[in-house]
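Listed below, chain by chain, are the residues.
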Amino acid sequence: MEFFNNAKSVRLKSHLGKYLVADDDEQTVRQSRNGGASRKARWAVELVDGNPHVIRLKGCHGRYLTASDEAFLLGMTGKKVLQTVPDMKKDGSIEWEPIKEGYRVKLRTKGGKFLRANGATPPWRNSVTHDLPHRTATQDWVLWDVDVVDVSVLDDEYLPSNASSFNSSIQDQDHSFPSSPCTPSAASEGGRGGLGFFWSKDGMEFFNKAKAVRLQSHLGKYLLADGDEQTVRQSRNGASHNARWTVEFVEGKSNRIRLKSCHGLYLTAADEPFLLGMTGKKVLQTQPETKTYIAIEWEPVKEGLNVKLMTSEGKFLRANGGSPPWRNSVTHDVPHRTATQSWVLWAVDIVDITVSDLDSNSGWSSPASSFSSLADDYSGSPDTGSPMVQYCNSGNDSIKEVSGMEFFKDARTVRLRSIHDKFLMADSDEEKVVQDRHGTHKSVRWTVEFVEGVDTVIRLKSCYGKYLTASDEEHRLGVTGRKVIQSLPRKLDSSVEWEPVTDANRVLVRLKTRYGNYLRANGGLPPWRNSITHDVPQRHHDWILWSVDIMQTHPKSTPKVSTSESEDDLNSSFHLISSSPGLSCRHEDQPMKSEGRLIYYYVADDDGDVSDDKNAPSFHFKGQGLEELTQKLEEETGLNDIIVCSRNLINGKLYPLRLALPPNKPTMHVVVVPPTSRGSNTSSFS
């Protein structure tokens, strides 16, 4: 419900990038790629009295989004979704329960089915039904992006109450519903520039706390200041310092900004035509003589999750597509065609250059306008440090990255679930890392290790005893994403270290490498489907989000070795660990009598060495025999023909376990020696 609680009107965008629209026949509901700017794509939100978990959606024709009982095609499971005006007192078919799924939402009917955007060939293409997706390939067909449409500039007479206003007199109305925010009169009232959009009073919220930003177009490309210090174009290279723009506020105009490039020049709406005979005019980098030059001033206008930058003449910064010379060009213009309405929309990424607070000579100006002759002396790049890109979401204050260590601080083993509802899995080849929907497999469990001396990073070890590693090898030639693998380096370095970061909501976590890339769960078609890479996402920002399931937790206090043990005991085939009286452990860590003894195990490497791992994996073992324990350890580690040993705490030597396990089920620490290890030759044991 958080997507709708404060919304008066929304647009719903399917996985295909198309909008849910109410057709002009006042009955059909379909998808349209070009309908985002149309009033038919806007749905008024009504809350239901007595049920805070469901909503109603009213189209621009005054009719409600309805889950009908009529089959879409005979013999098929999907049923039609229509626009209707039912008797709400008796019919729950117009009520939808929003269910959050990452950054998107599912809309569930009273019968437990979901609003579904169909793809493929006609008659399915662009259709909308309600159904349960049974195939893996159609799981995301029920996911919708929610764009909140700001209708605050409309007069009160055009705004419906956020609570449902349905009553028995609705059947007597003429169904024109002037209270709907999507009626033509409302659109014209709220329109500006003849486009019929709903305009936010203030798009400045995207920039108020920003020192520098990147602007990403509808094509996934960034606004870039070219090296000739004149041209402005689009580029997919968002990591370049040329893609970062310093934000300056205009004195006396609280709704205007200036954008300064890395060359110290301003983004300028020029009067020169881009091509003779065409309406679009050039956008350049310039250094005007005075600060009163209004061509360098831009008014941010909020449109859903994006922003438009409007000139003083009412035109918009536009990212062009198509064939050359239009491809990658940037102009300022008013888009007249429906197909180009999205060309003036920009996503705002706030770039936090923290060194600018410390270095007054870094060349970065304060958010207040510093327009003066000093701009002529600006010669350096603002890229004086490694910037941390922070994404702006839904027009709220910029999401600040904070440490996500709280997700792992008490965890011994975890599962990581991606936005695709798949788990991070260590492949059985002991090298690849993939995604898989089977969350019960031991390969989706990762042991958490903390790095000594660094309290903000972790290591993740697979069930095969290898670490989650950000490699330098490209996943595909010519593509930015690099492979994530399992490895066991001789010396643990930064490639196996991950920094958990989150935002103020503290719901999902991102895992960042020491070099600023993020652990990314890819979707789409093969070879990308189910693959894992590390990268900085250009478009799919939610693909780097993970939910953390804690499978095992640490006791609150580290077990201590009993002082009554003698050196002879240490040379035996096992050693006992006892806890001090009165130690308090989490409930799930307290081995109950019915759960058997607690076994901690360590896996020796190929040289027979064992790391001093304070966060060793463990399990409860109910058996009594060594053979049973060996089988259990083979299941836990995925290894075959292992040798189970204990380690002498004095000299560190390994001793194979050959006798029965000790009575009374004490806690045991054992070492698993795989057959590939040089230590598996029993003659090498001391």
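Below or above, wherever it landed, is the structure these notes cover.

Conventions we followed
Note on numbering: residues in each chain are counted from 1, in written sequence order. The predicted origin of the model limits local features to residues at a pLDDT of at least 70 and limits the giving and counting of side-chain atom pairs to 80 or more, whereas totals for whole chains, interfaces and linings rest on all residues. By convention in this description, side-chain values take in all heavy atoms of the structure and omit both hydrogens and water. In this text, helices come from DSSP runs of H or I with a minimum length of four residues, and strands from runs of E with a minimum of two, each type numbered from the N-terminal end. Only protein chains enter the accessibility calculation, which uses a 1.4 Å probe. A residue is then buried if its area is under 20% of the maximum for its type, exposed if over 50%, and partly exposed in between. Two residues qualify as a contact provided that any one of their heavy atoms is within 4.5 Å of a heavy atom in the partner residue. Salt bridges are identified by distance alone: a Lys or Arg side-chain nitrogen within 4 Å of an Asp or Glu carboxyl oxygen. Throughout, nonpolar core names a set of buried Ala, Val, Leu, Ile, Met, Phe, Trp, Tyr and Cys residues whose side chains join them through atoms within 4.5 Å.

### Details of unusual backbone geometry
Then comes step 1: Cis peptide bonds are those with omega within 30 degrees of zero, and the linkage from proline 122 to proline 123 qualifies with 5°.
Then comes step 2: Residue position: proline 123 is located in the loop between strand S10 (114–117) and strand S11 (128–131).
Then comes step 3: The omega torsion across proline 526 and proline 527 is 5°, close enough to zero to call that bond cis.
Then comes step 4: By secondary structure assignment, the location of proline 527 is in the loop between strand S36 (518–521) and strand S37 (532–535).
Then comes step 5: For glutamate 26, which is not a glycine, the phi torsion comes out positive at approximately 60°.
Then comes step 6: Take glutamate 26: it is sitting in the loop between strand S2 (19–22) and strand S3 (29–32).
Then comes step 7: Classification of glutamate 26 as partly exposed rests on a relative accessible area of 31%.
Then comes step 8: Even without a glycine there, the phi angle at asparagine 126 is positive, about 70°.
Then comes step 9: Checked against the element boundaries, asparagine 126 lands in the loop between S10 and S11.

### Some points on the environment of valine 507
Then comes step 1: In this fold, valine 507 is placed in the loop between strand S34 (499–502) and strand S35 (510–512).
Then comes step 2: It is 9.3 Å that separates the C-alpha atoms of valine 507 and glycine 102, two residues lying 405 residues apart in sequence.
Then comes step 3: Dropping the residues within four chain positions of it, valine 507 is found in contact with Phe407 and Thr502.

### A word on the pattern of salt bridges
Opposite charge on two side chains permits them to pair, given that their charged atoms come into close proximity.
Then comes step 1: Under the criterion given, the structure shown has 33 salt bridges.
Then comes step 2: Among the salt bridges present, the one from lysine 58 reaches glutamate 46, with a minimum N-O distance of 3.3 Å. Here the residue lysine 58 occupies a position in strand S5 (residues 51–58), and glutamate 46 occupies one in strand S4 (residues 43–48), the gap between them amounting to 12 residues. There is no split in this pair, since lysine 58 and glutamate 46 are both buried.
Then comes step 3: Residues glutamate 248 and lysine 260 are paired through a salt bridge, measuring 3.2 Å at the closest nitrogen-oxygen approach. With glutamate 248 in strand S16 (residues 245–250) and lysine 260 in strand S17 (residues 253–260), this residue pair connects regions lying 12 residues apart in the sequence.
Then comes step 4: Residue classification places lysine 260 among the buried positions, given a relative accessible area of 4%.

### Focus: the nonpolar core
Then comes step 1: If you look at the biggest cluster of nonpolar residues, it comprises 26 residues, and the most contacted ones within it are Phe408, Leu424, Leu460, Leu468 and Leu519.
Then comes step 2: Among the elements of the structure, strand S27 (411–418), strand S28 (423–426), strand S30 (446–450), strand S31 (458–461), strand S32 (467–474), S36 and strand S38 (546–553) are those that each provide at least two residues to this core.
Then comes step 3: Broken down by element, the residue count for this core peaks at three residues, all from S27.
Then comes step 4: Setting aside its immediate chain neighbours within four residues, leucine 460 contacts Val414, Leu416, Trp446, Thr447, Val448, Lys466, Tyr467, Leu468 and Leu511.

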